[in-house]
Amino acid sequence: MKGTNLGEFEEVVLLTIASLMSDAYSVAICDEIERITERSVKLGVVHAVLNRLEEKGYVLSQLGEATKVRGGRRKRYFEVTDAGKATLTKVKEQRDELWRLIPEFNLKMI
Amino acid sequence: MNNKLTNQPPKWANRFLEWYCRHDLLEDLQGDLYEHFDRNLTSKSLKSAKITYWLDVIKFCRPYTIRKFKIVNNINSIVMFKNYFKTSLRSIARNKLFSAINIFGLAVGMSVCLLMITLFMEVRSYDRFHEDAERIYRINNIYQSLDEDPSYFASTSIIAGKRLQEEVPGIDASVIMRRNFGGDAKVDDKVVPLSGVYASEGFFDVFSFKILRGNGATALVEPYSLVLTDETASKIFDEGVDPLNQIIKVNDKDFKVTAIVEKPPFNSHLKFQSLASFSTHESQEKERDNNIMGWTNMWMNYCYMKLAEGTTMQQIEERLAKISEEENEKFDRIKIELTLQSVLNIMTGPDLSNQIGPSIGGKGLWVFGLLVFVVILSAGFNYTNLSIARSLRRAKEVGVRKVVGATRSQIISQFIIEACVISVSSLVLAYFLFLVLKPYFLNLAPEIQQTLHLATEPKLFIYFFLFAILVGILAGLFPATLLSKLKAAQVMKGVSNTKLFSKINLRKVLIVIQFTLSLVFIISASIAFKQYKYALAFDLGYKTENVLNIELQGNDADQVKSIYEAIPEVSEIAVSSHLLSVGSRWGADMKYEDPMDSTTLWYASIDGNYIPMMKHRLLAGTNFDQRPLQEEESEIIVNETTIKRFNVGTPEESIGKYLKVDDKKLRIIGVIEDFHYAKVSESIECFGFRYQPKEVYTINLKIASPDLLGTMEKIASAWNDFDPVHEFDATFYDEKLQKAYSEYSVMFTLVGFLAFLTMTIASLGLLGMAVYTAETRVKEISIRKVLGATEGSLITLLAKGFMWLLVISAAIAVPLAYYFFDNVILQGAVNRASIGAIELFGGVLIIFTIGFITIGSQTWKAAKANPANTLRNE
């Protein structure tokens, strides 16, 4: 089924939302990803991904309180839904499974 | 505070974002952008932060952010469209007078616009039938001698064409042409006059004229090859004879017909009856030992080329500049520059001398376009003006619509649709007016007839329709925005205090502009008319009445003379080289005793009968003796200016002195009074009559008979018996003079007509405004009347405002028109009619009369009304 798979960047965004807890809004997510992955991330891309994740039902969003910064515009805070959590766990399990299957010597740096 | 305002993201970017973005996403997204913007402000300049903001806004324009422009909305607008249409029709039907004024005014304005559109499209269609027409170019020359102003020519030198062919890469094909091929074509006993151009073998590679017979690639290679159009071929050869490979004698040389092409279509700037191979011209000139390769020999030749794909005009122009630089080095007084012109621009481009065919010229088109624009502008003003004035009546409707839920844009579209309904109905009327106007326009001048058909193709109707819609939108835009601004609550409470009344000043300005334009038109037309009459009535210094001029067309002057001597109505006969005072001039180099002091002598060649017949006044000396024309030239009769120029002395003293004209010594045998040998607007310079038998081309007959037409017929039939080949070509001198000043007559007919149109439109508008004012103030008038105001005072009250507007327009228009004519149009003309009070104020008087009648009739009606009838309902 289209839309259930999690792309690499989608996974990163989802994990970042989870790690930011209650402070997860677009600009913060953007900054956090930049900090961790050390690559430059465009706001537009993050926005698009957030939108897609919401469509897939992995995140929920709600508008926060109005503040004086941002020209008085409210922030949209994201949190990971149960479906999102399940998918994240599933992805992690799949990875772990694969890691387990790799013979140890095969990953040794020479 | 100020700082905060300036450090805001760009307003328009925000608007754009708000327009396209989904509402549920907008707030958060905009907030993010603000945050980024603030961040950028700390690291970058304000300007670059703003640019980044713009870029971000554009980048966010993605499928998921874009608002759904709902289909439901569209269905709704279709339904509403029907409603708008219906309301428009109802409101048009309700206000019959205003709709009639609007429709008629717009139709009058639009009819000339239709003419303009047709004209423009036709001129644009010129030369597009050639394959790859956008790659065909012509070499134009810019000629500059010493420090004089450069003159622009469509012609070029042969050497420029040859060097282009040899040296410049990137050209698919090129052709060198030369005009003035022609003469009498003879096949067996049949003689047909033939004209055409010389063209080199690349002709059919550059142009796509359709070849019916023969091979285009080889048709123009050999000397004495001739290509005929199908029309010319059917004139020369009998039916059933295959013209291909036939031999034709042109000017006693044998030409072989190598190809037959279709007659050039109407929309070709290049028209010809025949093409002779360019090698013919080369070999002829070689026989005569003439050097045709001169760099300054650039008056008769043309060079066209088709660029290879990928070659740009600039590349070729650079190479041409190099060529002209090399060639110019050989001359120290003359500079010739070569430029390129696309074949598609020839009809609409700048005015050039030595065009190969008739051309309209961009300048005339622009002027005409501008005038027409002024007319339609005036008609549009009418609509705007009346709509605003009437908008009070529609205010309630707008209020109700708004209460029910109409958005501002819906109100705007409603009123624009109404304007479009009016303009499209005007279009129907305008089209009929256009059909009426068309033949008059085409007959204005022979040049117009030669170049234009004004055929209405189906494609044009689409343009007409689009034009009508455009006029509707522009005329309706202003009233529509004004009405849509109304606040529902305000309107429902009572319309009288809405802001609409504040637009009264705007309406006044529009009326003033309309009348100023009409006045300028009227004054221009009357000045042009006066100038024309002045030029025609001007005492040229000799008599032109009842003189008929017949072109000899190659016939022997003595023979033609002898046939007309037999006609009793012809009282005198003279011959001359060309007609004076109509524009063409012949010149020669002239010196007196000082070999270093030379000047141009303008001259005409005549015989001994000419001076007495034309009643030139001899101040001293004698006329030429009537001798056989075959004699060698030795005498000259000059005008006063010539003897003054060289300080020869009094007219009596100068008789017997010698002048050197083109290295011939000529004895002055007579001095005539100065007369206008050139156009009246030019000054008189040195002029002389020469006795040069070989240079006569015209025979002048003085007719002494009251029955001019009958005599003319006799003369024509005598010509046809004598020379059946050439068509009889005769005109009366006065007719020729009228034609020579036709630029004035075209100007005043055109401008006069436009003046009439703008005046009609403006008066209609004024009528509408007067009716409206009288209507709205009917109660006020009645009360005034009841309280004892006289009818006269009421009329003054109502009419005063309008008359003031007219006075203001007159105050603007009169100096404007005067300045324009005095300093722009008539500048440089030597003899010109003075611009008098009649021309300047005649128009003003007309406008005032018309204005007074329109306003007066309405106010009079209002003032006469019985107050009991109007006040009964209160």
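Residues numbered from 1 in each chain as written. Chains lettered and ligands numbered in written order. Predicted model: local features only at pLDDT ≥ 70, side-chain atom pairs only at ≥ 80, totals over all residues. Heavy atoms only, no water.

**Some words on the domain arrangement of chain B**
In terms of domain boundaries, chain B breaks down into domain 1 (2-59), domain 2 (133-345), domain 3 (362-533 + 743-871) and domain 4 (547-740). Relative placement of domain 3 of chain B and domain 4 of chain B: their C-alpha centres are 54 Å apart. (Domains from an automatic or database assignment.)

**Some thoughts on helix 3 (residues 43-56) of chain A**
The first and last C-alpha atoms of helix 3 of chain A sit 20 Å apart over 14 residues, in line with the 20 Å expected at 1.5 Å per residue. Contacts from the buried residues of helix 3 of chain A go to helix 1 (8-20), helix 2 (26-37), strand 1 (59-63) and strand 2 (76-80) of chain A together with helix 3 (23-43) of chain B. Backbone geometry just downstream of helix 3 of chain A places Gly57 of chain A in the positive-phi region, at approximately 85°. (Helix = DSSP H or I, 4+ residues; strand = E, 2+ residues; numbered from the N terminus. Expected span 1.5 Å × (residues − 1). Contact = heavy atoms within 4.5 Å.)

**Description of the side chain of Ser581 of chain B**
With respect to the element layout, Ser581 of chain B can be found in the loop between strand 13 (570-576) and strand 14 (586-591). Within the structure, the side chain of Ser581 of chain B is placed 2.5 Å from the backbone oxygen of His676 of chain B, a separation counted as a polar contact. (Polar contact = N/O pair within 3.5 Å; in protein donor to acceptor, adjacent residues only side chain to side chain.)

**Topic: the interface of chain B and chain A**
Taken together, the contacts link 17 residues of chain B with 19 residues of chain A. Across the interface of chain B and chain A, roughly 1700 Å² is buried in total on both sides, 48% from carbon and sulfur atoms. Looking only at chain B, the three residues that lose the most surface to chain A are Glu27, Asp28 and Tyr64 of chain B, adding up to 32% of its buried area. Between the two partners, chain B and chain A, sit three salt bridges. One salt bridge in this structure joins Arg74 of chain A and Glu27 of chain B, with 3.0 Å as the shortest N-O distance. Counting across the chain B and chain A interface gives six residue pairs in polar contact (both at pLDDT 80 or more). At twelve residues, the largest contribution of residues to the side of chain B that touches chain A is made by helix 3 of chain B. (Buried area = accessible area lost by both parts, 1.4 Å probe. Salt bridge = Lys/Arg side-chain N within 4 Å of Asp/Glu carboxyl O.)

**What about the packing of aromatic side chains?**
Residue and element names in this part refer to chain B. Inspection of the entire model under this criterion finds 37 aromatic pairs over all chains. Ring geometry for Tyr431 and Phe461: centres 5.3 Å apart, planes at 55°, overall tilted. A residue pair is termed long-range when its members are at least 10 positions apart, and Tyr431 in helix 14 (residues 408-442) and Phe461 in helix 16 (residues 458-484) qualify at 30 residues. You can call Phe461 partly exposed: its relative accessible area is 38%. Measuring from centroid to centroid gives 5.2 Å for Phe687 and Phe689, while their planes differ by 90°, and the two rings are edge-to-face. The ring of Phe646 is capped by Arg645, whose NZ or CZ atom sits 4.9 Å from the centre of that ring. Positioned above the aromatic ring of Tyr658 is the side chain of Lys665, whose terminal nitrogen or guanidinium carbon lies 5.2 Å from the ring centre. (Phe/Tyr/Trp six-rings, centres within 6.5 Å; stacked < 30°, edge-to-face > 60°. Buried < 20%, exposed > 50% of the residue type's maximum accessible area, 1.4 Å probe, protein only. Lys NZ or Arg CZ within 6 Å of the ring centre and 35° of its normal.)

**Re the side chain of His616 of chain B**
All names here are of chain B. In this fold, His616 is placed in the loop between helix 20 (610-614) and strand 16 (618-621). His616 gets classed as buried once you look at its relative accessible area, which sits at 7%. Residue contacts for His616: discarding those within four places in its chain leaves Gly541, Tyr542, Tyr610, Ile611, Ile672, Phe675 and Phe689.

**Remarks on the nonpolar core**
By size, the foremost hydrophobic cluster in this structure holds 90 residues, and its most contacted members are Met110, Leu114, Leu119, Phe368, Phe441, Phe467 and Phe521 of chain B. It is helix 6 (residues 96-125) of chain B that contributes the most residues to this core, 15 residues altogether. What Met110 of chain B contacts, discounting residues up to four positions off in sequence, is Ile376, Ser423, Ser426, Leu427, Ala430, Phe467 and Ala468 of chain B. Grouped together as the second largest cluster of nonpolar side chains are 42 residues, Phe9 and Tyr58 of chain A together with Leu26 and Tyr64 of chain B included. (Core = buried A, V, L, I, M, F, W, Y, C linked by side-chain atoms within 4.5 Å.)

**Re unusual backbone geometry**
Residue and element names in this part refer to chain A. Even without a glycine there, the phi angle at Glu38 is positive, about 55°. Tracing the backbone shows Glu38 in the loop between helix 2 and helix 3. A residue is classified by how much of its surface remains accessible, and Glu38, at 71% relative accessible area, is exposed.

**Quick word on the environment of Asp556 of chain B**
All names here are of chain B. Residue placement: Asp556 occurs in the loop between strand 12 (547-551) and helix 19 (557-565). Overall, the relative accessible area of 38% leaves Asp556 in the partly exposed class. Between the C-alpha atoms of Asp556 and Asp28, which are 528 residues apart in sequence, the distance is 98 Å. Side-chain polar atoms of Asp556 contact the backbone nitrogen of Asp558, separated by 3.3 Å.

**Points about the packing of helix 25 (residues 742-776) of chain B against helix 28 (residues 837-864) of chain B**
All names here are of chain B. Helix 28 packs onto helix 25 with a crossing angle of 25° between their chain directions and a minimal axis gap of 9 Å. One element, helix 25, and the other, helix 28, form an angle in the roughly parallel class. Between helix 25 and helix 28 lies a crossing of right-handed hand. Only Ile846, Ile847, Ile850, Gly851, Thr854, Ile855, Gln858 and Ala862 of helix 28 make contact with helix 25, whose side of the interface consists of Met759, Ser763, Leu766, Leu767, Ala770, Val771 and Ala774. Residues of the contact of helix 25 with helix 28, tallied by class, amount to eleven nonpolar, four polar and no charged. (Axes fitted to C-alpha atoms, helices over the stretch in contact; angles between N-to-C directions. Parallel < 35°, antiparallel > 145°, perpendicular 65-115°, else oblique. Left-handed = near helix turned anticlockwise from the far one by under 90°. Nonpolar A, V, L, I, M, F, W, Y, C, P; charged D, E, K, R; others polar.)

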